Each structure stands twice: as C-alpha cells, then as structure tokens.
Protein chains: 2
Amino acid sequence: MTDPTAPGPLAATAALMADPARARMLTAMMSGEALTAGELARIAGVVPATASGHLARLAEGGLIVVHAQGRHRYHRLASEEVAAVIETLGGLAARIAPPRPWKHGETARQSRLCWNHLAGRLGVTLHQRLTGAGWLTPVPGGWAASAEGRERLAATGVDLDEAMTAKRFACDCMDWSERRPHLAGGLGREIATAWLTRGWLRRLPGNGEGDVLARRRIAVTPEGARGLHEGLGLDAA
Amino acid sequence: MTDPTAPGPLAATAALMADPARARMLTAMMSGEALTAGELARIAGVVPATASGHLARLAEGGLIVVHAQGRHRYHRLASEEVAAVIETLGGLAARIAPPRPWKHGETARQSRLCWNHLAGRLGVTLHQRLTGAGWLTPVPGGWAASAEGRERLAATGVDLDEAMTAKRFACDCMDWSERRPHLAGGLGREIATAWLTRGWLRRLPGNGEGDVLARRRIAVTPEGARGLHEGLGLDAA
DNA sequence: ATGATGCTTCGGTCGCGGGGAAAATGTGCG
DNA sequence: CGCACATTTTCCCCGCGACCGAAGCATCAT
C-alpha cells in the first residue's frame with residue numbers, strides 16, 4: 001500500500017515555494033538570469049550554507065537547473081512551466097495580500113521580464129499590436145507569423161529561425177498585472193533577447209530587498225522607443 | 001523597518017498549498033462543488049478538528065470562501081485565479097513527479113472539470129471546434145461569439161446572457177494534460193453547467209483517495225455524444 | 001427537554017525543517 | 001605547491017505548525 005500521509009506531488013512542489021528564502025530566490029530567477037549560489041544567498045538574506053541547502057532542494061525538485069562553470073554554480077529556472085506557476089502564483093498572492101496600499105500603476109504594471117519574455121504594460125501592448133495588426137494569426141495552440149509579420153519582426157532584429165526551434169513558436173502567457181495575455185514561446189524569448197542586446201530595452205536596478213519584481217524590471221530606451229514606433233507602429237508609454 | 005524575515009505574499013500563499021491535507025482539500029474543490037467541512041475532513045484523511053483549522057487558514061488566506069447554511073458550512077474555491085494556480089501547479093507537479101509510470105492517456109487526459117468549466121480532452125476539442133469554425137472570434141483579452149456561434153450554443157442549452165454577466169465572457173485557460181488551451185470565463189462556466197444539467201455530461205466517481213483528479217472526472221453520456229455531434233459537429237472520442 | 005449531528009476551540013505532544021557555525025571539498029591562480 | 005575563494009557537508013539548536021482528544025457551541029430532530 002501507498003503511504004496515505006505521503007505529501008503528493010502538488011503539496012511537495014508547493015512546499016518548495018513556501019519558504020521565504022526559496023521564494024525570494026525563485027522570484028529573482030524570474031529575471032531569466034543565471035545566478036550564482038552566492039548571489040542568491042545574498043538575495044535570500046541567508047548565509048551561503050543555508051542557501052546551498054535550499055538550492056539543492058529546488059534542483060532535486062526539478063524547479064531549477066544548475067550549470068557548474070569553474071568554481072561558480074549558476075542556477076536558473078528549469079522551464080517555461082515553472083515560470084508560469086511562479087507568475088500565476090505571484091499574481092494571486094499580490095491580489096490577495098495588497099502589499100502596502102499598492103502603487104499599482106507605477107510598480108507592478110511596469111514593464112518587466114517573465115522568465116525570458118516581455119510582460120507588464122509593454123508585454124500586453126506588444127501582444128495587442130502584433131495580433132491586432134494581423135502580423136500574428138491564431139492557430140490551434142498559439143500563434144503563427146504572417147509574411148508581413150515576419151518581415152516587420154526581422155527588421156527589429158528578431159531571429160525568427162531561432163524562435164522556430166522552441167517547442168512552441170508563440171503562445172499566450174497570462175499577465176497578472178494587466179490581466180490580459182502577453183507573448184511567450186520561442187518568439188517571446190527572441191524578441192526580448194534581441195531588443196535587450198540591441199539596446200532598445202535595458203534592465204533596471206531593483207529597489208530594495210523585498211521587491212516582488214527584483215531584477216525583472218526593464219525600461220524602453222530612447223532608441224527603443226524610436227525603433228518600436230518606426231518598425232512596429234508601437235508607442236511605448 | 002519591515003521585518004526582513006517576513007514570508008512575503010508568494011511564500012505565504014504557497015505555504016497554504018504546501019500541506020498534504022490542505023492540498024487534498026483544494027484539489028477536491030477543483031471539482032467546482034461546494035463541500036462541507038466534514039466531507040473535506042474525510043477527503044483529507046484527518047479528523048474534523050484538524051480540518052477545521054486548515055479550512056480557517058485557507059479562508060483567512062483568501063483561497064476559499066465559506067457559506068454557512070444550517071449546521072453545515074460549505075467551502076469552495078474563491079476565484080478563477082485560485083483555480084488557475086492549482087491547475088498550473090498540479091500540471092507542473094505531475095510533470096516533475098511522474099506518479100507511477102502514469103497511464104497518461106487513460107487517466108489524466110480524461111475529460112474533467114477545471115473549477116467550473118470543461119478541461120481535458122473534451123475541453124480542448126471543444127475549444128478547437130468553436131474557434132476553428134469561427135463561432136468564437138478573437139478579441140483583445142479573449143473571445144467573442146459570432147452570430148452563428150451564439151445560435152449554435154443557445155441550441156445546446158447554454159444561457160449566453162448569464163455568460164455575459166461574468167467579468168470575462170470567454171478566455172483561454174491552459175490545459176496541462178493536453179498542453180493546449182481550453183475555454184474558461186463565463187461561457188466556459190455556462191457550457192459546463194448547461195450540459196451537466198441537461199444530462200449530456202455526468203460526473204464520474206473518483207477512484208480512491210490519492211486521486212489527483214478526485215471528483216473532477218466527467219464523461220459524455222450517449223445523449224450528449226449525439227447532441228454534440230448534431231449541434232456542434234463535435235465528435236467526443 | 002433530550003439527544004444527535006456538524007463544526008469549532010482549546011490544550012498538549014511531537015516531528016519536520018530552517019537557521020547558523022565550523023569544517024570539508026573543490027576550483028582557480030600565482 | 002600553497003593560498004584564496006565559492007560552495008557544500010555536517011552538526012546541533014530551536015520554533016513553527018500539524019495532529020489528535022476532549023470539551024464547547026451551534027443547529028436540527030423527536
């Protein structure tokens with residue numbers, strides 16, 4: 001017989017996110033960056049020894065993957081699904097426990113990264129523009145790019161071939177701050193990386209420790225605003 | 001100063017799902033039913049006193065709502081968001097910890113309820129049919145029903161006016177077993193309730209305690225198969 | 001009234017797991 | 001080779017919380 005007191009997969013996975021230190025580590029990794037154990041220890045506010053234990057459990061549980069390089073060990077989220085769970089859970093938590101009166105407009109809805117793609121105000125505006133203009137057309141389970149869409153996106157530096165290699169070319173990811181979908185999948189990833197390397201977007205410093213969006217904030221640079229307007233007819237507010 | 005060891009909303013919410021007994025209760029409530037404290041105690045495998053404490057914490061945390069009626073207290077999930085988190089988290093957990101070789105085809109992908117709408121094989125097939133036939137057309141943030149779509153759906157007994165009263169008329173909800181979207185929102189709710197009351201669908205008994213889909217399984221009745229075929233051109237395998 | 005049922009509150013036990021200190025391992029560098 | 005740094009491992013402490021039994025309230029039945 002199976003142990004009736006066994007945690008069950010759902011509870012076991014939830015338990016991995018239920019510790020404050022681990023939760024801080026995971027939210028930090030939502031920036032898409034690969035972070036070393038030492039950095040994560042500081043972020044989580046614990047001594048390296050403690051952090052090491054937490055990271056071992058997260059890796060054991062399959063939520064993160066570790067890449068050893070020299071004497072550093074880089075940690076990042078394991079998959080799109082993990083990011084989706086953290087994003088959804090974070091959104092629910094934020095709605096349940098309004099953290100300090102909540103300067104909703106200026107803090108949470110701000111443009112941000114969701115693991116490897118764009119979210120927040122910019123993410124949903126982009127989604128709306130691409131689909132509204134017919135550059136992305138609905139297909140079962142996601143979106144495909146039209147001829148003009150491919151041309152427009154390629155002109156902004158997006159590597160569409162690379163985007164094709166993902167399991168999903170383009171699909172929706174629910175945005176909890178805007179409550180509308182933004183773009184995920186291979187295309188979402190390539191857009192974010194292309195515009196970041198091109199200097200159209202830049203990462204913003206997180207403000208303080210308990211920041212829900214730590215390391216995830218981004219902003220549109222002046223060149224980015226120009227490029228988005230000219231290339232996609234998109235006005236980033 | 002704020003306490004640097006404070007759990008943070010994400011960890012606090014995750015902790016509510018991290019207990020085996022509470023997780024069993026929440027998954028049971030994913031059937032959309034309102035369950036009494038006693039039923040939930042038996043489902044969770046704990047004594048009523050313990051269950052009462054758990055339910056108080058879940059209500060306090062905003063994950064469930066309680067409705068007192070006579071000497072019973074009915075508990076159900078608080079919102080669509082809560083259901084989405086549990087569904088997503090359950091999907092991730094199932095993928096991480098393949099529970100017993102996993103008879104994927106026959107168990108998990110089976111048609112089921114996702115809080116108040118259809119999921120699983122039937123859910124995604126329906127989604128595909130409604131959108132593919134043009135009966136639902138994409139609009140920002142979800143779907144709208146075309147004239148023919150409204151007619152077809154009304155013919156199957158769906159109350160479209162009632163569906164309109166929801167915050168969202170129709171939107172996607174990621175299906176973790178099929179890995180494609182199924183239909184949520186007011187329309188998803190009305191479809192499920194209409195077809196259940198009409199006898200096109202019926203609830204199946206859950207098999208055993210540790211059942212991930214406890215109380216969520218549904219099946220298409222013979223009349224349902226006929227009605228879906230004639231009304232929507234849908235063949236429920 | 002008396003009892004039965006459903007649920008909650010209280011009191012107490014106990015184990016799990018998060019915390020840090022110190023030591024061990026492993027890697028790069030002069 | 002020997003030192004410095006990043007990380008892990010081991011060990012122990014300690015508090016939170018899950019659990020149950022018993023008692024306390026409600027509500028419904030006879």
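The structure presented is a predicted model; accordingly, all values stated were derived computationally and were not measured.

(A) Spotlight on the protein's contact with DNA strand D. Near DNA strand D you find 19 residues, and of these Gly38, Ser52 and Arg73 of chain A together with His54 and Arg57 of chain B are the closest. Looking at DNA strand D alone, sugar and phosphate atoms form 76% of those within 4 Å of the protein. At 3.4 Å, a backbone N or O of Ala37 of chain A approaches a phosphate oxygen of DNA strand D. Contact distances for DNA strand D include 2.9 Å between a phosphate oxygen and a side-chain N or O atom of Arg73 of chain A. Broken down by secondary-structure element, the contributors of at least two residues to the surface near DNA strand D are α3 (37-44), α4 (48-60) and β3 (72-77) of chain A together with α4 (48-60) of chain B. Per-class residue counts for the surface near DNA strand D are six nonpolar, seven polar and six charged.

(B) Expanded view of the pattern of salt bridges. This structure, assessed with the given rule, holds 15 salt bridges over all chains. Glu33 of chain A is the salt-bridge partner of Arg215 of chain A, the closest N and O atoms lying 3.1 Å from each other. Within this pair, whereas Arg215 of chain A is found in the loop between β10 (201-203) and β11 (218-220), its partner Glu33 of chain A is found in the loop between α2 (20-29) and β1 (35-36), the two being separated by 182 residues in sequence. Given a relative accessible area of 29%, Arg215 of chain A falls into the partly exposed group. On the basis of relative accessible area, Glu33 of chain A is assigned to the partly exposed category, the value being 22%. With its nearest N and O atoms 2.6 Å apart, the salt bridge here joins Arg95 of chain A to Glu81 of chain B. Note that Arg95 of chain A is positioned in helix α5 (residues 80-96) and Glu81 of chain B in helix α5 (residues 80-96), a pairing that runs across two chains. Overall, the relative accessible area of 34% leaves Arg95 of chain A in the partly exposed class. The class of Glu81 of chain B is buried, set by a relative accessible area of 19%. If you follow the salt bridges from partner to partner, you end up with Glu87, Arg112, Asp175 and Arg216 of chain A in one network.

(C) Just the pairing of strand β2 (residues 64-69) of chain A, in detail. All names here are of chain A. For β2 and β3, the ladder comprises six bridges, and the chain directions are antiparallel. Residue Val65 lies in a different strand from β3, and its bridge partner there is Arg76. Here β2 folds back onto β3 in antiparallel fashion, the turn holding two residues, of which Gly70 has a positive phi close to 65°.

(D) Spatial organisation of the interface of chain A and chain B. Counting from both sides, the interface comprises 44 residues of chain A and, opposite them, 45 residues of chain B. Between chain A and chain B, roughly 3,400 Å² of surface is buried when both sides are summed, and carbon and sulfur atoms account for 71% of that area. Summed over the three residues of chain A that lose the most area to chain B, namely Leu10, Leu89 and Leu92 of chain A, the buried surface amounts to 17% of that side. The interface formed by chain A and chain B includes three salt bridges.

(E) Spatial organisation of the packing of α5 of chain A against helix α1 (residues 8-17) of chain B. Where α5 of chain A contacts α1 of chain B, the axes come no closer than 8 Å and their chain directions differ by 100°. The pairing of α5 of chain A with α1 of chain B is recorded here as roughly perpendicular in orientation. Facing α5 of chain A, whose interface residues are Ile86, Leu89, Gly90, Leu92 and Ala93 of chain A, α1 of chain B presents Pro9, Leu10, Thr13, Ala14 and Met17 of chain B. Here the residues of the contact of α5 of chain A with α1 of chain B are counted per class, giving eight nonpolar, two polar and no charged.

(F) Just the relation of the copies chain A and chain B, in detail. Each copy of the sequence occupies a distinct position, and chain A is placed on chain B by a rotation of 180° and an axial shift of 0.0 Å, giving an RMSD of 0.0 Å. Here the copies are linked by what is in effect a two-fold axis. Using C-alpha coordinates, one finds that chain A approaches the rotation axis most closely at Ala14 of chain A, a distance of 2.7 Å. Same-surface contact between copies: 100% of interface residues of chain A are shared with the interface of chain B.

(G) Summary view of the protein's contact with DNA strand C. Close to DNA strand C lie 19 residues; His54 and Arg57 of chain A together with Gly38, Ser52 and Arg73 of chain B are nearest. In the environment of DNA strand C, a phosphate oxygen lies 2.7 Å from a nitrogen or oxygen atom belonging to the backbone of Gly38 of chain B. Measuring from a sugar or linking oxygen of DNA strand C, one finds a side-chain N or O atom of His72 of chain B at 3.5 Å. Elements that contribute at least two residues to the surface near DNA strand C include exactly α4 of chain A together with α3 (37-44), α4 and β3 (72-77) of chain B.

(H) Up close: the packing of aromatic side chains. Residues and elements named next belong to chain A. Per the stated rule, a full pass over the model turns up two aromatic pairs over all chains. Pairing Trp195 with Trp200 gives two aromatic rings, centres 5.9 Å apart and planes at 40°, and the pair type is tilted. Above the face of the Trp200 ring, Arg198 is positioned so that its terminal group lies 5.1 Å from the ring centre.

(I) A look at the sheet that holds strand β1 (residues 35-36) of chain B. All names here are of chain B. The antiparallel open sheet is built from three strands, whose spatial order is β1-β3-β2. Two strands in the sheet have a free side with no partner beyond their single neighbour: β1 and β2 (64-69). Across two bridges, the pairing between β1 and β3 is antiparallel. Note that in β3 the partner of Thr36 across the bridge is Tyr74. Strands in contact with helix α2 (residues 20-29) are β1, β2 and β3; relative to β3, the strand with the most contacts, it is inclined by about 80°.

Rules used throughout
- Residues numbered from 1 in each chain as written.
- Chains lettered and ligands numbered in written order.
- Predicted model: local features only at pLDDT ≥ 70, side-chain atom pairs only at ≥ 80, totals over all residues.
- Heavy atoms only, no water.
- Near = heavy atom within 4 Å.
- Polar contact = N/O pair within 3.5 Å; in protein donor to acceptor, adjacent residues only side chain to side chain.
- Helix = DSSP H or I, 4+ residues; strand = E, 2+ residues; numbered from the N terminus.
- Nonpolar A, V, L, I, M, F, W, Y, C, P; charged D, E, K, R; others polar.
- Salt bridge = Lys/Arg side-chain N within 4 Å of Asp/Glu carboxyl O.
- Buried < 20%, exposed > 50% of the residue type's maximum accessible area, 1.4 Å probe, protein only.
- Pairing = 2+ DSSP bridges.
- Contact = heavy atoms within 4.5 Å.
- Buried area = accessible area lost by both parts, 1.4 Å probe.
- Axes fitted to C-alpha atoms, helices over the stretch in contact; angles between N-to-C directions.
- Parallel < 35°, antiparallel > 145°, perpendicular 65-115°, else oblique.
- Least-squares fit on C-alpha atoms with pLDDT ≥ 70 in both.
- Phe/Tyr/Trp six-rings, centres within 6.5 Å; stacked < 30°, edge-to-face > 60°.
- Lys NZ or Arg CZ within 6 Å of the ring centre and 35° of its normal.

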